[in-house]
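# Analysis of the macromolecular model
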Amino acid sequence: MRRSTLVRGVAGLGALVCLGALALWLSASSPSAATVEASESSHRLPLFRWRVGEAHTFHLVWDDLTRVALPMPGPDAKAQALEGVLHLDGELTLQALESRATGTRLRLTLRRLARHEAVLSGQALLPDAAALQAHLPDTASAWLELDARGALQAVRFSEAEPPLFRQLAQTLSAELFPSELRDAESWTATESTQTGEVAATFAFEPGDASRLTRRRSRYQRLRAAGAWPVAKQALGSLTTFDRDAEGHLVAISQDEVLDALGADGQALVSKRLRLRLTYQSRELRPLPPSDEQKLVVRTPSQIAFEADAELGQLRSQAEGMTVDELLETLEDATSPDSIAGLDVFARRAIAALQLEPKRCQELARLFLKPGTHPGLRELMLDLLVGAGHPQAQATLRALLLAPEAREHAGAYVMMVQRAGFVTKPEPELGVMLNGLLDRARTEHDVPVERATSYALGAWASRLDPASAEARAALRTLENAVADASGDEARAHALRALGGTAAERLVDVVPPHLRAESPDVRAAAADALRQAPQELATRLLLDALETETDRGVQRALLDALNTRPLDAVALEHLRAWVVSGRLAPGEEPALLAVAAQHLEGGTPVFQMLQALAMRPDLQAPTRARVMALMAQVGAQLGG
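Fair warning: this is a prediction, and the values are worked out from it, not measured in the lab. (Residues numbered from 1 in each chain as written. Predicted model: local features only at pLDDT ≥ 70, side-chain atom pairs only at ≥ 80, totals over all residues. Heavy atoms only, no water.)

### A word on the packing of helix H20 (residues 587–595) against helix H22 (residues 619–631)
Packing of H20 against H22 brings their axes to within 11 Å, and their N-to-C directions diverge by 20°. With respect to H22, the axis of H20 lies roughly parallel. Where H20 crosses over H22, the two elements pack in a sense that is left-handed. Where H20 approaches H22, its residues Glu-587, Leu-591, Ala-594 and Ala-595 are matched on the opposing element by Thr-621, Arg-624, Val-625 and Leu-628. Classifying every residue of the contact of H20 with H22 by side-chain character gives 5 nonpolar, 1 polar and 2 charged. (Axes fitted to C-alpha atoms, helices over the stretch in contact; angles between N-to-C directions. Helix = DSSP H or I, 4+ residues; strand = E, 2+ residues; numbered from the N terminus. Parallel < 35°, antiparallel > 145°, perpendicular 65-115°, else oblique. Left-handed = near helix turned anticlockwise from the far one by under 90°. Contact = heavy atoms within 4.5 Å. Nonpolar A, V, L, I, M, F, W, Y, C, P; charged D, E, K, R; others polar.)

### Section: the nonpolar core
Within the largest apolar cluster, 169 residues are counted, with the highest numbers of intra-cluster contacts made by Leu-92, Phe-177, Leu-330 and Leu-557. The element that contributes the greatest number of residues to this core is helix H8 (residues 374–387), accounting for 8 residues. In this structure Leu-92 touches His-56, Thr-57, Phe-58, Leu-60, Leu-108, Thr-109, Leu-110, Leu-172, Leu-176 and Leu-277, once residues within four positions along its chain are discounted. The next biggest cluster of nonpolar side chains, apart from the first, holds 9 residues, and it includes Val-68, Val-198, Leu-235 and Val-269. (Core = buried A, V, L, I, M, F, W, Y, C linked by side-chain atoms within 4.5 Å. Buried < 20%, exposed > 50% of the residue type's maximum accessible area, 1.4 Å probe, protein only.)

### Structural notes on the pattern of salt bridges
If you walk through the whole model with that rule in mind, you get 47 salt bridges. For Glu-161, the salt bridge is made with Lys-294, and the minimal N-O distance between the two is 3.1 Å. One end of the pair, Glu-161, is in the loop between strand E6 (152–157) and helix H3 (163–176); the other, Lys-294, is in the loop between strand E12 (267–284) and strand E13 (296–297), with 133 residues separating them in the sequence. With relative accessibility at 5%, the residue Glu-161 sits in the buried group. Its relative accessible area of 2% is what places Lys-294 among the buried residues. (Salt bridge = Lys/Arg side-chain N within 4 Å of Asp/Glu carboxyl O.)

The following block contains the structure:
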């Protein structure tokens, strides 16, 4: 079944934001809204009041300037300076989607950006309307999860939102909404922002709860500095949050100036900020479609609105769909493409099958119907795999063994592989797969043999490793590696074996990391991805030391990207990168590893520095390198 892919954009804007870049425009704050007498504590919180469906539109002005000096390795090396500029001027809208005793969910959108200047080290990142639409489209939105006091708990996105929009919305939200609010005249807290972790003092104006002020005093950790120690910093930061007599947000004004020096007394980070949010209008608007989901959470904590029991969740996911409606839709369809909103249909259909397990067998009539489109048959199996319960698995097995399933050879290979996706497989599924494997070998049906081997490995990975079934599957797949007739067959056998995630992988696979065939070496790297022992990581790093083939390097790095890397492993990888052995063109594979280990400190920072020094690096890749350099250490901080 088709799955949406994440749209990837230029990462320079993310670098700019994460560097904490912002402008020094310390002009007088814009006039605050009229205040009201509200000294009683009951008037302090929530910070702002929201009405479900009501959209509040504000004029947003966000000016950022930054300069970061990145020390380079070596006693005589000069620091490399990064300069960034961001100017945004447009409309920000906050619409309340849901309000409960435990908190509020807001929908944030950015539109009508009359000014959208973003420059990183002289390179324009949003040069025209097309770039703006690609990276900050009007259709993008974020959900802000606020607790009962109005403090920000999480920012949520869907995978459809461009990465740059996610980064910008997350950073902006952390500035606009405090992460800790108290029913007190004043308090102190440590805030976690994209710039770093900073000590802040909050206070309501004496005798006037319509204005809250926030003064930040010191950054306890600066993400932009990476692993380099900050010896001295000068920080001036003031934010005012204003609301009207009804408790509605009317204005936020923030100015921040930061200068941080390194241990050598040289400037390390220079940051300037001017942020203004001013009320424009308020109106009731229709709520977005109920099937809109935001499953990507970009902050450590989140408010849980979905408090229903499992049955209630299934009913919510089904959104009224019944098995009758599901069958009718499939019967009317000519292919999966003819089903409007296929992803939404699949989600609802799986929930319907989970609500009525006994009716899964009714899919058989449509599956076995002569002339059924192979894509529809694959879709039906997807629904059964998604449902996953014993009744669904029984129907899945029956359909895979039916002669009609083999009417289209290519489709049948894909169908068989789906058996490996069942998350809680029954033993009978393994019996079926072993039978299909024996038949494929007898009939010399190589595609089905390989598909079945992959499914068998995945099935075995979900069993108790000590069980007889798991041990038998492992022996079958080990023998396939040993008996392979050539490099292509051995590469497939290694990958199928790797799917078991068994401890035996570190005994069987390593010799193939030194095979003559690059395809076999790459397959061996893939096979070690899920090996449970830390030894597998060392084996991959050792193989990388002597590997010169570009494709195999990519496979090794991709495998490392799926594994935890401790300080020793990161230092090993750093030394390899700094020595210049990474094949040209494989920088993205290394960046994927670095992005998963931004908390790794100096080793990660220095391997990124080595990449930044490459003269032939493509502009988008260089922008991504700079962005990650700015974010080293940010991963654990949210």
